[in-house]
Amino acid sequence: MTAPEPLAAYARAVAARVPAADRDDIAAELLDHLLTDYERHLDRGIAAADAIAAALACCGPAGQAASGYQQEERRHRRYRLAASAGTSALFLAAVWAALLVLAAPPPARWPLRPQPAGVAATGIVMLTAAVLTAATVTASRMLTSPGRPWTAHPAADVITPILNRATAVSLALATASAGALTGWRAVATAQSWMAIILPCAAAISAATLARLTTHPQDQPLSPQLP
Amino acid sequence: MEADLLRGNLDGLILAVLDDGPRHGYSLIEAIHDRSGGAVTVPAGSVYPAMRRLERAGLVTSEWSDHGGRRRRTYAITPAGREHLAGQRRSWQEVTRVLAAFSLPAPQAQS
């Protein structure tokens, strides 16, 4: 039996929203479900157009059906997000190491006596970190809706790595700006604030990950009243 | 039936139905509906992702076949799935026993 185009289009629409590796299997299984339901309706004497509508109604909107598969991907997503945050942290660490080598600051002596230039540089970077933190929290709130955590949002896979990389690049640029404005030696000398940057970046990434991966474990059920 | 009462039990319902024999997704949804006396209709959007989760966990296996010119995936429970189901059933029996104690008004206290 040739699948009616609306049913095939629905299966394709769902499949387009799931990981490419699973796309064909999910589309085939979903199409089999739709066609089976469609045939049942036809057997009951329902007109083809109504049977198509009834079959589609049982699966809900394509985006909602796809989100079920996306929720099942959350464990794999957690690893991908951790890898993304890890590479960002490595990038920041490389920037820090390069700065220390190139600027060759004098050895730190306790107690630390921050120079005004170093304090200014610290302020620039910390301000950038604060703005990035606020942006991360705002983004997570915008993408989270009741009953649907950020992980279930179709755009989560795309947005999160971008956010991680943007965080790393922004902090690196802030470091560069601070160096240009206050002097590289002053920046590199400010060991205290450099020690703050990486924990901040790690905290931002950890908070993002925690928010992305915290949601109810249960699958939705829709019992009907008998 | 209250949806909250069944929340979190979808995996167990699926395994319980597959314990009677292999089924494809549509048949499985029908079986859950019939076995619950029509009280539970599980949406397809929940069942198929759950089947994938169960397969990844090694609790079910699947195989593809040709059905009237289209591909059909049939699921079967594994020994690990039966073991998991046994634990789930013990849990259900315990919950049922406890809730049964509250399903009727308490006897009047003797004065």
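Small disclaimer: the values here were computed from a predicted structure and weren't measured.

This part is about the overall build of chain A. For chain A, the helix and strand inventory stands at 9 helices and 0 strands. Helices and strands appear in chain A in the N-to-C order α-α-α-α-α-α-α-α-α. Buried positions account for 41% of the 226 residues belonging to chain A. The long-range fraction of contacts in chain A, counting pairs at least 24 apart against all pairs at least 6 apart in sequence, stands at 76%.

A separate point is the confidence of the model for chain B. All names here are of chain B. Of the residues in chain B, 91% have a pLDDT of 70 or more, and the chain-wide mean is 88. Ranking the helices and strands of chain B by mean pLDDT puts strand β1 (residues 23-24) first, with 96, and helix α1 (residues 3-6) last, with 60. For this predicted complex, the interface confidence reaches an ipTM of 0.87, while the overall pTM sits at 0.58.

So, about helix α3 (residues 25-35) of chain B. In an α-helix, one turn spans 3.6 residues, which is why side chains three or four residues apart end up on the same side. Within the span of α3(B), buried status applies to G25(B), Y26(B), S27(B), L28(B), I29(B), A31(B) and I32(B). Against α2 (23-43) of chain A together with α2 (10-18), β1, α4 (44-56) and β3 (70-77) of chain B lie the buried residues of α3(B). Looking at the residues trailing α3(B), positive phi occurs at G37(B), about 70°.

Bringing the sheet that holds β1(B) into the picture now. An order of β1-β3-β2 (chain B) is seen for the 3 strands of this open sheet, with the pairing classed as antiparallel. Bordering the open sheet on either side are β1 and β2 (60-67) of chain B, each of which pairs with just one other strand. Sheet topology places β1(B) next to β3(B); 2 bridges connect them, and they run antiparallel. If you follow H24(B) over to β3(B), its bridge partner there is T74(B). Sheet strands touched by α2(A): β2 and β3 of chain B. Its angle to β3(B), the strand with the most contacts, is close to 100°.

Applying the stated criterion across every chain yields a total of 15 salt bridges over all chains. For D22(A), the salt bridge identified is with R52(B), shortest N-O distance 2.8 Å. Placement of the pair is D22(A) in the loop between α1 (5-15) and α2 and R52(B) in helix α4, with the two residues belonging to separate chains. For the residue pair D22(A) and R52(B), the accessibility class agrees, reading buried in each case. Salt-bridge contacts for D11(B) lead to R53(B); the nearest nitrogen and oxygen are separated by 2.2 Å. With D11(B) in helix α2 and R53(B) in helix α4, this residue pair connects regions lying 42 residues apart in the sequence. Put simply, D32(A), E39(A), R70(B) and R72(B) are held in one network by salt bridges that share partners.

With that settled, the discussion passes to the nonpolar core. Y10(A), V14(A), I14(B), L18(B), L28(B) and I32(B) are the most contacted members of the largest nonpolar core, which has 43 residues in total. Mapped onto this core, the elements with two or more residues apiece are α1, α2, α3 (48-57) and α4 (62-72) of chain A together with α2, α3, α4 and β3 of chain B. Here the element with the most residues in this core is α2(B); it accounts for 7 residues. When residues no more than four places from it in sequence are discounted, the contact partners of L18(B) are R23(B), L28(B), M51(B), V60(B), Y75(B) and I77(B). Core analysis: the second largest hydrophobic core is formed by 5 residues, A129(A), L132(A), L171(A) and A174(A) among them.

It is worth spelling out the packing of aromatic side chains at this point. Following the criterion strictly, the structure yields 0 aromatic pairs over all chains and no others. The side chain of R71(B) reaches across the aromatic face of W64(B), ending 4.0 Å from its centre.

All names here are of chain A. Orientation of α1 relative to α2, taken along the N-to-C sense of each, is 150°, at an axis distance of 9 Å. Crossing of α1 over α2 shows right-handed handedness. Facing L7, A8, Y10, A11, V14 and A15 of α1, the residues of α2 in contact are R23, I26, A27, L30, L31, L34, L35 and Y38. Across the contact of α1 with α2, the residue classes tally to 13 nonpolar, no polar and 1 charged.

Now for the packing of α2(B) against α3(B). All names here are of chain B. Where α2 contacts α3, the axes come no closer than 10 Å and their chain directions differ by 95°. One way to sum up the angle between α2 and α3 is to call them roughly perpendicular. Of the residues in α3, those in contact with L13, I14, A16, V17 and L18 of α2 are L28, A31, I32 and R35. Here the residues of the contact of α2 with α3 are counted per class, giving 8 nonpolar, no polar and 1 charged.

Scoring rules and cut-offs
Sequence order as written defines residue numbering, which begins from 1 separately in each chain. Following the order in which they are written, the chains are lettered starting with A and the ligands numbered starting with 1. Per-residue local features are limited, in this predicted model, to residues with pLDDT of at least 70; the limit for side-chain atom pairs, both in listing and counting, is 80 or more; totals at the level of whole chains, interfaces and linings are taken over all residues. Only hydrogens and water are set aside when side-chain values are computed; all heavy atoms of the structure are taken into account. The helix count covers DSSP runs of H or I at least four residues long, the strand count covers runs of E at least two residues long, and both are numbered beginning at the N terminus. The cut-offs for exposure are 20% and 50% of the maximum accessible area for each residue type, with area from a 1.4 Å probe on protein chains only; residues under the lower value are buried, those over the upper are exposed, and the others partly exposed. Residues count as neighbours in contact if any of their non-hydrogen atoms are within 4.5 Å of one another. Values of pLDDT, the confidence the predictor places in each residue, fall between 0 and 100. DSSP calls a pair of strands paired once it identifies at least 2 bridges connecting them. Here an axis means a line fitted to C-alpha atoms, over the contact stretch when the element is a helix, while the angle between two N-to-C directions is reported on a 0 to 180 degree scale. Think of a salt bridge as a Lys or Arg side-chain nitrogen and an Asp or Glu carboxyl oxygen that are within 4 Å of each other. The nonpolar core is taken to be a set of buried Ala, Val, Leu, Ile, Met, Phe, Trp, Tyr and Cys residues, with the residues joined through side-chain atoms within 4.5 Å. Two rings from Phe, Tyr or Trp (for Trp, the six-membered ring) form a pair when their centres sit within 6.5 Å of each other. Planes less than 30 degrees apart are called stacked, planes more than 60 degrees apart edge-to-face, and all others tilted. Two conditions define a charge located above a ring, namely a distance within 6 Å from the ring centre to NZ of Lys or CZ of Arg, and an angle within 35 degrees of the ring normal. Handedness of a helix crossing follows the sense of rotation of the near helix relative to the far helix, less than a right angle counterclockwise being left-handed and clockwise being right-handed. Charged residues are taken to be Asp, Glu, Lys and Arg, nonpolar residues to be Ala, Val, Leu, Ile, Met, Phe, Trp, Tyr, Cys and Pro, and polar residues to be all remaining types, Gly included. For classification purposes, an angle smaller than 35 degrees is called roughly parallel, one larger than 145 roughly antiparallel, one from 65 to 115 roughly perpendicular, and anything else oblique.

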